[in-house]
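Architecture and fold: a report
Here is what each chain is made of, one letter per residue.
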Amino acid sequence: MNTASFPRVRLTQAPTPLEFLPNITRLLQGPNVYIKRDDNTGLALGGNKTRKLEFLIGDALAKGATHIVTQGATQSNHVRQTIAAANKFGLKSTVLLEERVSGAHADYYNNGNVLLDQILGAQIETRPAGLDMNNELVAVGERLKSAGEAPYLIPGGGSNAIGALGYVVSAQEIIAQSNDLGLRVDHVVHATGSTGTQAGLVVGFQGANSGIPVLGISVRAARDKQEDNVRKLARQTWELLKIRGKLPDETVQANSDYVGGGYGVPTDGMLEAVQLLARTEGILLDPVYSGKGFAGLLDLIRKGHFHPGQNIVFVHTGGAVGLFGYRSVLAPQAAF
Ligand SMILES: Cc1ncc(COP(=O)(O)O)c(C=O)c1O
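Right, let's walk through the structure included here. (Residues numbered from 1 in each chain as written. Predicted model: local features only at pLDDT ≥ 70, side-chain atom pairs only at ≥ 80, totals over all residues. Heavy atoms only, no water.)

1. With respect to the site of the ligand
Lining the immediate surroundings of the ligand are 17 residues, of which Lys49, Lys52, Ser194, Thr197 and Thr317 lie closest. At a separation of 2.5 Å, an oxygen atom of the ligand approaches a polar side-chain atom of Ser194. The side chain of Thr197 places a nitrogen or oxygen atom 2.7 Å from an oxygen atom of the ligand. In isolation the ligand offers 380 Å² of accessible surface; the protein chains occlude 97% of this area. If you map the ligand onto the pockets, it falls in the largest pocket. Of all elements in the fold, only helix H2 (49-62), strand S7 (187-192) and helix H8 (196-207) reach the threshold of two or more residues within the shell around the ligand. When its residues are assigned to classes, the shell around the ligand shows two nonpolar, twelve polar and three charged. (Near = heavy atom within 4 Å. Polar contact = N/O pair within 3.5 Å; in protein donor to acceptor, adjacent residues only side chain to side chain. Areas by Shrake-Rupley, 256 points an atom, 1.4 Å probe, with all protein chains shown as cover. 1 Å grid on protein atoms, 1.4 Å probe; cavity = no way out; pocket = protein on both sides within 12 Å on 5 of 7 lines; lining within 4 Å. Sits in = over half its atoms within 2 Å of the grid points. Helix = DSSP H or I, 4+ residues; strand = E, 2+ residues; numbered from the N terminus. Nonpolar A, V, L, I, M, F, W, Y, C, P; charged D, E, K, R; others polar.)

This is the structure in structure tokens:
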């Protein structure tokens, strides 16, 4: 399993820390809980997209691109980080923001990631919910081609096999760090959305025969659909890396019990998770992804799904910038 033959730029402040959470572990009296700090990857306030963008921007530059085009929800962390990466390598960018969450507070549409997108300076276009955003991406690409640009299209979340290589690398990093610490990792848990993170982790752990299982906590799709989508991308990533044999189906496991009312819609569990980790360990989750992911982990621990003595690694995929879009929910009473 060799990622070295793929074009790549360096964006990640790696290795990101693998830390023990003593207060959460004591409080829950279940397994030992560790956190992989991929919120600290660097690149315009960090998050999981930094790792994917190393390979995506590398590929774009290798193909002679002049202009990056991507899409995401209004508060997309992926969009924010993609603009930053494009800027760093002198590429222009056009981003499509889909109004996937309706009826939110004004902060949702103008603060958080949207504010940073504006500071970073991409061409921003909005789209109503319900369109095929891949078609929209292709149409913008065609328009840019007619204008003499060489566009490079990055799918939502940077989730194709090239982007997923970033999480193959992250899995290798977790294996190396846990070996150094003498830590047996019994389970990795994280928030799963557009699937690239989970696909990369699964391929990285399985390709290294580590035996480390991964559980994705879905933030949008129902379990079967999420598992199918992750499996499809994991297989493509497996093939891209020319790993021998077949990726076993059962390596892809998702849980969609913590989605609540839908993508980006706050849940009580998310609110509790965000506050609990902030108030016990001083670590900030986000309202759309890692908050729901950690809410899932908390609930599963409380239900006895993991056992005392086991070591669980939660991959913090970043996104705290999104908190600023959710002030009305997180802190409904003004401080002053
Ligand atoms: C903060 C954060 N966590 C998790 C995810 C989910 O990762 P993936 O889209 O690779 O499944 C995203 C993706 O947008 C994200 O922004």
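Having seen it, we continue.
2. Thoughts on the sheet that holds strand S6 (residues 151-154)
Ordered in space as S5-S4-S3-S6, the four strands form an open sheet in which the pairing is parallel. Every interior strand has two partners, whereas the edge strands, strand S5 (123-128) and S6, have only one. For this sheet, the mean inter-axis angle between neighbouring strands, taken without regard to orientation, is 20°. Of the strand pairs in this sheet, strand S3 (residues 67-73) and strand S4 (residues 92-99) are connected by seven bridges, and their pairing is parallel. Along S4, the bridge assignment pairs Ala73 with Glu98. Contacting S3, S4 and S6, helix H3 (residues 77-88) runs over the sheet at an angle of about 165° to S3. (Pairing = 2+ DSSP bridges. Axes fitted to C-alpha atoms, helices over the stretch in contact; angles between N-to-C directions. Contact = heavy atoms within 4.5 Å.)

3. Here we look at the layout of surface pockets
For the largest pocket, the calculated volume is near 1,000 Å³. As for the largest pocket, its lining consists of 46 residues, and the residues nearest its centre are Gly156, Gly193, Ser194, Thr195 and Arg220. Put simply, the parts of the chain that give the lining of the largest pocket at least two residues each are H2, S3, H3, helix H6 (133-146), S7, H8 and helix H9 (223-240). Of the residues forming the lining of the largest pocket, the biggest block, six residues, is contributed by H9. A per-class count over the lining of the largest pocket returns ten nonpolar, 26 polar and ten charged. Its volume calculated, the second largest pocket comes out at about 260 Å³. Forming the walls of the second largest pocket are Asp107, Asn111, Val274, Gln275, Ala278, Arg279, Leu284, Leu323, Phe324, Arg327, Leu330 and Ala331. The set of elements that each furnish at least two residues to the lining of the second largest pocket consists of helix H10 (268-281) and helix H12 (327-330). Here the lining of the second largest pocket takes four residues from H10, the largest share from any one element. Here the residues of the lining of the second largest pocket are counted per class, giving seven nonpolar, two polar and three charged. (Points joined across faces, edges and corners; volume = space filled by probe spheres on them.)

4. Things to note about the nonpolar core
Core analysis: the biggest nonpolar cluster contains 32 residues, and Val188, Leu201, Val203, Phe205 and Leu241 have the highest contact counts within it. Of all the secondary structure elements, the ones that give two or more residues to this core are helix H7 (161-181), H8, H9 and strand S10 (311-316). (Core = buried A, V, L, I, M, F, W, Y, C linked by side-chain atoms within 4.5 Å. Buried < 20%, exposed > 50% of the residue type's maximum accessible area, 1.4 Å probe, protein only.)

5. Here we look at the packing of H8 against H9
Taken N-terminus to C-terminus, the directions of H8 and H9 make an angle of 50°; their axes are 8 Å apart at the nearest point. The orientation of H8 relative to H9 falls into the category oblique. Here H8 and H9 pass one another in a crossing that is right-handed. Side by side, H8 and H9 meet where Gly196, Gln198, Ala199, Val203, Gln206 and Gly207 of the first sit next to Val230, Leu233, Ala234, Thr237 and Trp238 of the second. A per-class count over the contact of H8 with H9 returns six nonpolar, five polar and no charged. (Parallel < 35°, antiparallel > 145°, perpendicular 65-115°, else oblique. Left-handed = near helix turned anticlockwise from the far one by under 90°.)

6. Focus: the side chain of Arg37
As for its placement among the helices and strands, Arg37 is situated in strand S2 (residues 32-37). Non-local contacts of Arg37, meaning those with residues more than four positions away in its chain, are made with Thr16, Pro17, Glu19, Ile283 and His316.

7. Quick notes on the pattern of salt bridges
All told, the structure shown has 22 salt bridges when counted by the stated rule. The partner of Arg231 in a salt bridge is Asp228, with the nearest N and O atoms 3.6 Å apart. One end of the pair, Arg231, and the other, Asp228, are both in helix H9, three residues apart, so they sit about a helical turn from each other. Judged by relative accessible area, Arg231 falls into the buried class, the value being 16%. Here Asp228 falls in the partly exposed class, since its relative accessible area comes to 46%. Between Glu272 and Arg302 there is a salt bridge whose closest N-O contact spans 2.8 Å. Remark: Arg302 occurs in helix H11 (residues 290-302) and Glu272 occurs in helix H10; sequence separation between them is 30 residues. Among the charged side chains, a network of salt bridges with common partners joins Lys36, Asp38, Arg51 and Glu173. (Salt bridge = Lys/Arg side-chain N within 4 Å of Asp/Glu carboxyl O.)

8. Considerations on the packing of H7 against H9
Between H7 and H9, the least distance of the axes is 9 Å, while the angle of their chain directions is 85°. Of the possible angle classes, the one that applies to H7 and H9 is roughly perpendicular. Contact residues: Ala161, Ile162, Ala164, Leu165 and Val168 in H7; Leu233, Gln236, Thr237 and Leu240 in H9. Classifying every residue of the contact of H7 with H9 by side-chain character gives seven nonpolar, two polar and no charged.

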